[in-house]
Amino acid sequence: MTDPGELRASDAEREAVVEQLRVASVEGRLTLAELTDRTEAAYTATTHAELALLIQDLPSGAMPAPAPVHREGRKRRWFVGVMGDTKRRGTWRIDQELGAVAVMGDVLLDLREAEVRTDTVDITAVSVMGDVKIIVPDGVNVDLDGMAIMGNKKVDVLEAAPGMNVPVVRVHAYAVMGDVKVIGDSQAKPLRRGFAAWREHWQRLHGEDWRALGRQMRQEGRELGRQMRDQLREERRDPRRGY
């Protein structure tokens, strides 16, 4: 009889898991990096067991995400560096549009460990003889527009495969003799991954199901134990074999 977990996953089941992950992110249960990692893994999953692994630490039967609340007069959150540096990294919450202004200074926004409470991260980045750097997880969809005058605006992020409903980071860049850069995780200092994230990362690198690996290790352990028992029985029959 086929193990239910080994049944092949359908496109509809993959999309359902992706939606559950998106809801979990809006509720603050996943960081942007975790959402991106798990979304990519969901689209490449082939069995029910692989899909279940991605949502095992999330509430089951998640309700659809509530519609964003648009509050009158809500201001953009600004990060400003004037002849100095401003950095925002680690765990933080994004529930509104962001702004970054660098005037003969540097502004760094690291979104990877942020709790994103919106469907899209919207950033306005202004650089005047300065540098605005935005770090995102590889696999997100980056939409960069704006203009550069005697400056530079660019994206260096590994894109997800076409057709994936991945998180979106929209950047409106204005660079005057300065730079606005959006770079992916592979171009930045790597994050320290928790056990669950590390397990998913290991799976993607090695293409192995962790349960299958566990079964293989247990089988090899049983075989080694059997060989040792056989050897002990032989030694008891002929004590000279033990020397």
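These remarks concern the structure in this document. (Residues numbered from 1 in each chain as written. Predicted model: local features only at pLDDT ≥ 70, side-chain atom pairs only at ≥ 80, totals over all residues. Heavy atoms only, no water.)

Considerations on the nonpolar core
Then, in step 1: Among the nonpolar cores identified, the biggest contains 27 residues, and Leu-111, Val-136 and Val-171 are the most heavily contacted of them.
Then, in step 2: With four residues, strand β11 (residues 168–176) is the single largest residue contributor to this core. (Core = buried A, V, L, I, M, F, W, Y, C linked by side-chain atoms within 4.5 Å. Buried < 20%, exposed > 50% of the residue type's maximum accessible area, 1.4 Å probe, protein only. Helix = DSSP H or I, 4+ residues; strand = E, 2+ residues; numbered from the N terminus.)

Some thoughts on the packing of aromatic side chains
Then, in step 1: Applying the stated criterion across every chain yields a total of one aromatic pair.
Then, in step 2: Ring geometry for Phe-79 against Trp-92: centres 5.7 Å apart, planes inclined by 80 degrees, an arrangement best described as edge-to-face. In this pair, Phe-79 sits in strand β1 (residues 77–82) while Trp-92 sits in the loop between β2 (85–88) and β3 (93–94), placing the two residues 13 residues apart along the sequence.
Then, in step 3: Judged by relative accessible area, which is 8%, Phe-79 ranks as buried. (Phe/Tyr/Trp six-rings, centres within 6.5 Å; stacked < 30°, edge-to-face > 60°.)

Things to note about the packing of helix α2 (residues 32–44) against helix α3 (residues 48–55)
Then, in step 1: At a minimum axis distance of 9 Å, the contact between α2 and α3 shows a crossing angle of 170 degrees. As judged from the angle between their axes, α2 and α3 are roughly antiparallel. For the pair α2 and α3, the crossing hand works out as left-handed. Where α2 approaches α3, its residues Arg-38, Ala-41, Ala-42 and Thr-44 are matched on the opposing element by Glu-50, Leu-51 and Leu-54. (Axes fitted to C-alpha atoms, helices over the stretch in contact; angles between N-to-C directions. Parallel < 35°, antiparallel > 145°, perpendicular 65-115°, else oblique. Left-handed = near helix turned anticlockwise from the far one by under 90°. Contact = heavy atoms within 4.5 Å.)

Quick notes on the sheet that holds strand β8 (residues 131–135)
Strand pairing in a sheet relies on backbone hydrogen bonds. The paired strands run either parallel or antiparallel.
Then, in step 1: In space, the five strands of this open sheet follow the order β2-β5-β8-β12-β10, with parallel pairing throughout. Since the sheet does not close on itself, it has two edges, and those belong to β2 and β10 (152–156), each with one partner. Across the sheet, the axes of successive neighbouring strands diverge by a mean angle of 5 degrees, strand direction being ignored.
Then, in step 2: As defined by bridge partners, β8 adjoins strand β12 (residues 179–183) across five bridges and the pair is classed as parallel. In the strand pairing of β12, Ile-135 is matched with Ile-183. (Pairing = 2+ DSSP bridges.)

Examining the sheet that holds β11
Then, in step 1: Reading across from one edge, β1-β4-β7-β11-β9 is the order of the five strands in this open sheet, with parallel pairing throughout. Whereas interior strands pair on both sides, the edge strands pair on one side only; in this sheet they are β1 and β9 (141–149). Geometrically, the sheet is characterised by an average inter-axis angle of 10 degrees between neighbouring strands, direction not taken into account.
Then, in step 2: Taken together, the nine bridges between β9 and β11 define a ladder with parallel strand orientation. Along β11, the bridge assignment pairs Gly-146 with Ala-173.

Examining a nonpolar patch on the surface
Then, in step 1: Judged by side-chain polarity, Trp-78, Val-80, Val-82, Met-83, Met-104, Met-129, Met-147, Ile-149, Met-150, Tyr-174, Val-176 and Met-177 come together as a nonpolar surface patch covering roughly 1,200 Å² of accessible area.
Then, in step 2: For the nonpolar patch, the elements supplying multiple residues, two or more each, are β1, β9 and β11.
Then, in step 3: Sort the elements by how many residues they give to the nonpolar patch and β1 lands first, with three residues.
Then, in step 4: Take Met-104: its relative accessible area is 43%, and that puts it in the partly exposed class. (Patch = residues over 30% accessible without salt bridge, like charges linked within 9 Å, V, L, I, M, F, W, Y side chains within 5 Å. Areas by Shrake-Rupley, 256 points an atom, 1.4 Å probe, with all protein chains shown as cover. Salt bridge = Lys/Arg side-chain N within 4 Å of Asp/Glu carboxyl O.)

Some words on the environment of Glu-113
Then, in step 1: With respect to the helices and strands, the residue Glu-113 is situated in the loop between β5 (106–110) and β6 (115–116).
Then, in step 2: The spatial distance from the C-alpha of Glu-113 to the C-alpha of Arg-89 is 7.4 Å, given a sequence separation of 24 residues.

Remarks on the environment of Leu-53
Then, in step 1: Mapped onto the elements, Leu-53 comes out in helix α3.
Then, in step 2: For the pair formed by Leu-53 and Ala-42, sequence separation is 11 residues and the distance between their alpha carbons is 9.5 Å.

Thoughts on the pattern of salt bridges
Then, in step 1: Enumeration according to the criterion identifies 12 salt bridges in this entry.
Then, in step 2: Two residues, Asp-57 and Arg-38, come together in a salt bridge whose shortest N-O distance is 2.8 Å. Within this pair, whereas Asp-57 is found in the loop between α3 and β1, its partner Arg-38 is found in helix α2, the two being separated by 19 residues in sequence.
Then, in step 3: Arg-76 is the salt-bridge partner of Asp-122, the closest N and O atoms lying 3.6 Å from each other. Of this pair, Asp-122 sits in strand β7 (residues 120–128) while Arg-76 sits in the loop between α3 and β1, and the two are 46 residues apart along the sequence.
Then, in step 4: Using a relative accessible area of 14% as the deciding quantity, one classes Asp-122 as buried.
Then, in step 5: Sharing partners across several salt bridges, the network here consists of Glu-19, Arg-22 and Asp-119.

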